[in-house]
Amino acid sequence: MLNFSELYPCSNQARMAQLLDGMWKFRFDPEEKGLQEGWQHKLPDPISMPVPASFSDFFTTKEERDFCGDFWYETEVFIPREWEKQELEIRFGSITHRAGVYCNGSLTTTHEGGFLPVVARVTDHVKFGEINTFIVKANNELNEESLPCGATMVLSDGRKLARPYFDFFNYSGIQRSVWLVSKPGESIEDFIVDYELNGEDAIVHYQIITNGNHDVSFELYDEDKQQVAKSTGTKGSVTVSKAHLWNVGKAYLYQAVMRIWDGETLIDEYSSKIGIRTVKIAGKEIQINGKAVYLKGFGKHEDFEVIGRGFSWGVLKRDFECMKWIGANCFRTSHYPYAEEWYQFADEEGFLIIDEVPAVGMMRSTRNFADAGTGKFTRFFETPTVPNLLKNHLQAVEEMIVRDKNHPSVIAWSLFNEPETTSEESKEYFTKIFAAARTLDPQNRPMTGAFEKNSQPELCKCYQLCDFICLNRYYGWYIKGGPELVDAREAFLIEMNKWKDKNLNIPFVFTEFGTDTMAAEHKLPSIMWSQEYQNEYLDMNFEIFDQFEFVQGELVWNFADFQTTEGIMRVNGNKKGIFNRVRQPKSAAFVLKKRWESLD
Ligand SMILES: CCCN1C[C@@H](O)[C@H](O)[C@@H](C(=O)O)C1
């Protein structure tokens, strides 16, 4: 049970949310002396730093771009006397990877995990009618006890350096929006909705979690702002007659309005858009509202030039426009939960999301992409760090499901990306993760995880935990690439027939397949890294997918080129994008558009 509310901030007659995005003060702390020097009160000689954004790509020196260790942020906020009777919280969409939050010099909360909200109650520390100082002490070191996994090395000049076990740059900072929230002492802390379809009608089961005992009301309004249902009590069900269902590519959102009353006096109010739909695995099908859906789309990253992993409404808008243009209907939040605004917009646009926790790098390798599939085994789940890793993994799963459970766009939870899954220890570990996750989702959405090639059907001990299976496969790239493409196809077919012979009668989704492709490279006949090869590779994969009826989705890796740690296999980042990093199409985009528009 979380000891804070993850509800997204909103303003109304009972509560206020003030956005604190903008230019903050900032300071690296390579000697880790900030605390003893009192930086929690005020940063000495600070520089400026945009929030939200990653700090790395603003700088022109390697020391700053690649900084690993402690770093600090500061901002000042005027807090009006009118809020004196309210409860006050400061809410960060995330702070990567861990943080302590100070208000006027007092520590108000700490948080482990860089991709879910950090919420601090600051009521007892603020000065009403005055300027208040908020300071964040953050750290972006990687280890095998926190998510995502990696290592931290020390260079000969004493600088720390992040060594990720994953293939994306270790961007860090306050990368999502920050809010100051003022709400009543007795307030709505969370809510739950679940749905039953009944002919043309729908039953909406709701539960409203408050921190008091006063009466509660629940109302539903349609898109014309007409009230369509109402009820009282913290838990109940309402029937919506002739319900407008939320569907993929055809969103319909009702407004749920929840209130706490003292007689006729309003105490608190919270409202949120909800979409009436059901998600179910039925045999080999993924069903939305009882109808099978084939997933077409991408593994993505929150990644863009200059701002790194920082949230941007502009990038979000361009990405959705490109995904609509190409005929996609789904994306996986690889390899971490994204900013809430991505889910809000997917709700609006009728996109499907596989929501993934940052459980990536659970296979000790700084080139996991190269080692996965080679049979390399590092006994990752047989180390003394596992108990702490399990604790942090369970926390991240809970925070992700509690945060995202009411989005109609979220249709499944991915509880890992490419860990070792062939040992008894990994089975024991993930059995605990899946068991815990299944207690957290009131809508009982399907649970899954993305398996890399070492997780072959005869070796893998964890696919049995999944409601549908996600495969990351690179036959024709990491395995038998280029001139061996014809053999890659044969090897792929052999594996697929092994899965078929298991007769699992559940859906499979390819959550990764792709090739690094330089947008400028053309070659006839093709070679690897050319656009022509990316198209040939995709054609081979599609020909295999189409042979197996249990394949119910194809999410290409990746939507766009993205930044990674530098190395001999990365050309200023990962180039497997169907779009380049500034979202212009490679020729494969037109191949996909043609296929996906015909698959409707
Ligand atoms: C088997 C490798 C898994 N996959 C993980 C993803 O994060 C990487 O970016 C991708 C790649 O190498 O492009 C490979």
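Residues numbered from 1 in each chain as written. Predicted model: local features only at pLDDT ≥ 70, side-chain atom pairs only at ≥ 80, totals over all residues. Heavy atoms only, no water.

Undergrad: Tell me what's going on with the pattern of salt bridges, and back it up with residues and numbers.
TA: A complete count under the given rule lists 53 salt bridges for this structure. Put simply, Lys25 and Glu74 hold a salt bridge, and the shortest N to O gap is 3.8 Å. Of the two residues, Lys25 sits in strand β2 (residues 22–29) while Glu74 sits in strand β4 (residues 70–79), which places them 49 residues apart along the sequence. Owing to a relative accessible area of 34%, Lys25 belongs among the partly exposed residues under this scheme. What makes Glu74 buried here is its relative accessible area of 1%. Here Lys593 and Glu597 are joined by a salt bridge, their closest N and O atoms 2.6 Å apart. (Salt bridge = Lys/Arg side-chain N within 4 Å of Asp/Glu carboxyl O. Helix = DSSP H or I, 4+ residues; strand = E, 2+ residues; numbered from the N terminus. Buried < 20%, exposed > 50% of the residue type's maximum accessible area, 1.4 Å probe, protein only.)

Undergrad: Got a sec to walk through the site of the ligand? Specific residues and values, please.
TA: The local shell around the ligand holds 13 residues, among which Asp167, Glu418, Tyr478, Glu512 and Lys576 are the closest. Within the contact set of the ligand, an oxygen atom lies 2.7 Å away from a side-chain nitrogen or oxygen of His335. Here Trp557 contributes a side-chain N or O atom positioned 3.0 Å from an oxygen atom of the ligand. Protein contacts shield 98% of the accessible area of the ligand, which totals 360 Å² for the unbound molecule. (Near = heavy atom within 4 Å. Polar contact = N/O pair within 3.5 Å; in protein donor to acceptor, adjacent residues only side chain to side chain. Areas by Shrake-Rupley, 256 points an atom, 1.4 Å probe, with all protein chains shown as cover.)

Undergrad: Could you give an account of the sheet that holds strand β15 (residues 215–221), with specific residues and numbers?
TA: Strands in a sheet are paired, the pairing made by backbone hydrogen bonds, and the direction either parallel or antiparallel. Taking strand neighbours across the sheet as the criterion, the four strands line up as β16-β15-β18-β19 in an open arrangement whose pairing is antiparallel. In this open sheet, the two strands that pair with only one neighbour each are β16 (227–232) and β19 (265–274). Strand-to-strand twist across the sheet, computed as the mean angle between neighbouring axes with direction ignored, equals 15°. Sheet analysis places β15 next to strand β18 (residues 254–262), joined by seven bridges and oriented antiparallel. By the bridge assignment, Phe218 is partnered in β18 with Met258. (Pairing = 2+ DSSP bridges. Axes fitted to C-alpha atoms, helices over the stretch in contact; angles between N-to-C directions.)

Undergrad: Requested: an account of the sheet that holds strand β29 (residues 508–512), with residues and values cited.
TA: As summarised here, the arrangement of the eight strands in space is β23-β24-β25-β26-β27-β28-β29-β30, forming a closed barrel in which the pairing is parallel. Each strand of the sheet is rotated relative to its neighbour by a mean of 25°, with strand direction disregarded. Bridge count for strand β28 (residues 469–472) against β29 is four bridges, and the pairing is parallel. Pairing of Cys470 across the sheet is with Val509, part of β29.

Undergrad: Lay out the packing of aromatic side chains in plain terms, naming residues and giving numbers.
TA: All told, the structure shown has 58 aromatic pairs when counted by the stated rule. Between Trp72 and Tyr102, the ring centres sit 6.3 Å apart and the planes meet at 25°, which makes this aromatic pair stacked. In this pair, Trp72 sits in strand β4 while Tyr102 sits in strand β6 (residues 98–103), placing the two residues 30 residues apart along the sequence. A residue is classified by how much of its surface remains accessible, and Trp72, at 0% relative accessible area, is buried. A relative accessible area of 8% means that Tyr102 is categorised as buried. For the pair Phe331 and Trp342, a centre-to-centre distance of 6.4 Å together with 75° between the ring planes defines the contact as edge-to-face. Placement of the pair is Phe331 in strand β24 (residues 330–332) and Trp342 in helix α3 (residues 340–349), with a sequence separation of 11 residues. With respect to class, Phe331 is no different from Trp342; both count as buried. Among the aromatic side chains, those forming a connected cluster through ring pairs are Phe115, Phe166, Phe168, Phe320, Phe331, Tyr336, Tyr338, Trp342, Phe345 and Phe351. (Phe/Tyr/Trp six-rings, centres within 6.5 Å; stacked < 30°, edge-to-face > 60°.)

Undergrad: So what's going on with the side chain of Asn406? Which residues, and what values?
TA: Take Asn406: it is sitting in the loop between α5 (386–404) and β26 (410–417). Within polar-contact distance, the side chain of Asn406 engages the backbone oxygen of Phe191 at 2.9 Å. When neighbours within four sequence positions are excluded, Asn406 is seen to be in contact with Phe191, Ile192, Val193 and Arg445. (Contact = heavy atoms within 4.5 Å.)

Undergrad: Explain empty space enclosed by the protein to me, and be specific about the residues and the numbers.
TA: Going through the model one piece at a time under the given rule, you end up with six cavities of 30 Å³ or more. Taken as a whole, the largest cavity encloses approximately 260 Å³ of empty space. As for the largest cavity, its lining consists of 24 residues, and the residues nearest its centre are Phe369, Glu418, Tyr474, Tyr478 and Glu512. Here the lining of the largest cavity is composed, by residue class, of nine nonpolar, seven polar and eight charged. Roughly 110 Å³ of volume is contained in the second largest cavity. Considering the residues around the second largest cavity, the lining is formed by His111, Glu112, Gly113, Gly114, Phe115, Leu116, Leu147, Pro358, Asn392, Gln395, Ala396 and Glu399. (1 Å grid on protein atoms, 1.4 Å probe; cavity = no way out; pocket = protein on both sides within 12 Å on 5 of 7 lines; lining within 4 Å. Points joined across faces, edges and corners; volume = space filled by probe spheres on them. Nonpolar A, V, L, I, M, F, W, Y, C, P; charged D, E, K, R; others polar.)

Undergrad: Which residues make up the packing of helix α2 (residues 313–326) against α3, and what values go with them?
TA: Axes are the key here: two packed helices are described by the angle between their axes and the distance separating the axes. Viewed as axis vectors pointing N to C, α2 and α3 meet at an angle of 35°, and their least axial separation amounts to 11 Å. The chirality of how α2 crosses α3 is right-handed. Along the contact surface, α2 presents Trp313, Val315, Leu316, Lys317, Asp319, Phe320, Glu321 and Lys324, while α3 presents Glu341, Trp342, Gln344, Phe345, Ala346 and Glu349. Within the contact of α2 with α3, the residues separate by chemical class into seven nonpolar, one polar and six charged. (Left-handed = near helix turned anticlockwise from the far one by under 90°.)

Undergrad: Tell me about the environment of Thr385, and name the residues and values.
TA: Assignment of secondary structure puts Thr385 in the loop between α4 (368–371) and α5. Between the alpha carbons of Thr385 and Asn143 there is a distance of 9.2 Å; along the sequence they are 242 residues apart. If we skip the residues at most four places from it in the chain, Thr385 touches Glu144 and Glu145. A distance of 2.9 Å separates the side chain of Thr385 from the side chain of Thr383, its partner in a polar contact.

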